[in-house]
Amino acid sequence: MELSEASRTIAGAILLTIVTIQFGGWFMTKIVRGDVPMTDFQKSFARAGHGHAGVLVILSLVGLLYVDSTSLDGFWLWVGRLGIPVAAIVMSGGFFASSAGKDRTKPNQFIWVLYLGALSLAAGVLTLGIGLITA
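Residues numbered from 1 in each chain as written. Predicted model: local features only at pLDDT ≥ 70, side-chain atom pairs only at ≥ 80, totals over all residues. Heavy atoms only, no water.

For the rest of this paragraph, the subject is the side chain of Ser99. Its location among the elements puts Ser99 in the loop between helix H3 (74–98) and helix H4 (111–134). What makes Ser99 buried here is its relative accessible area of 8%. A polar contact is formed between the side chain of Ser99 and the backbone oxygen of Phe96, at a distance of 3.3 Å. In this structure Ser99 touches Phe41, Gln42, Phe45, Arg104 and Asn108, once residues within four positions along its chain are discounted. (Helix = DSSP H or I, 4+ residues; strand = E, 2+ residues; numbered from the N terminus. Buried < 20%, exposed > 50% of the residue type's maximum accessible area, 1.4 Å probe, protein only. Polar contact = N/O pair within 3.5 Å; in protein donor to acceptor, adjacent residues only side chain to side chain. Contact = heavy atoms within 4.5 Å.)

As structure tokens, then:
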């Protein structure tokens, strides 16, 4: 199995993002120790944002191993290639952005960012899955 130049470059960029996830893990240790004041809601959204980032980055790398084995081209190739990595960024960002603010106990107006990330994830996995089945 050989990656295309585009998939190889994107995989390299995705691997570099793991440093930010590591920083998030360090920050999570500060949260659970009580060094960062947060409501229970904010703690749960911080955990969800961090967890989604890690899992979706791994899924992004797996998807890139498969995308070049499909017969997708043009727009759909790029949806299959970028849908999951974009979701990793946007979904986790949605968790963090929608819980920002002092003493917040429910999502703010930025919850739509989380839903946008969910759409990106669905588009990416559906496109890649269909592309693999029909290849």
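Further notes follow.
Before going further, it helps to spend a moment on the UniProt feature "transmembrane region" (unreviewed entry) in the protein chain. The feature "transmembrane region" (unreviewed entry), as given by UniProt, occupies residues 6–27, 48–66, 78–98 and 110–133 in the numbering adopted here. In residues 6–27, helix accounts for 100% and strand for 0%; the two terminal C-alpha atoms are 32 Å from one another. Secondary structure across residues 110–133 comprises 96% helix and 0% strand; the distance between its end C-alpha atoms is 36 Å. (UniProt positions renumbered as here; feature names shortened; annotations may be inferred.)

Here we come to a nonpolar patch on the surface. Where nonpolar side chains cluster on the molecular surface, the patch consists of Met1, Ile58, Leu59, Val62, Leu65, Tyr66, Val125, Leu126, Ile130 and Leu132 and spans about 920 Å² of accessible area. For the nonpolar patch, the leading source of residues is helix H2 (residues 40–67), giving five residues. Residue position: Val125 is located in helix H4. Residue Val125 is classed as partly exposed on the basis of its relative accessible area of 35%. (Patch = residues over 30% accessible without salt bridge, like charges linked within 9 Å, V, L, I, M, F, W, Y side chains within 5 Å. Areas by Shrake-Rupley, 256 points an atom, 1.4 Å probe, with all protein chains shown as cover. Salt bridge = Lys/Arg side-chain N within 4 Å of Asp/Glu carboxyl O.)

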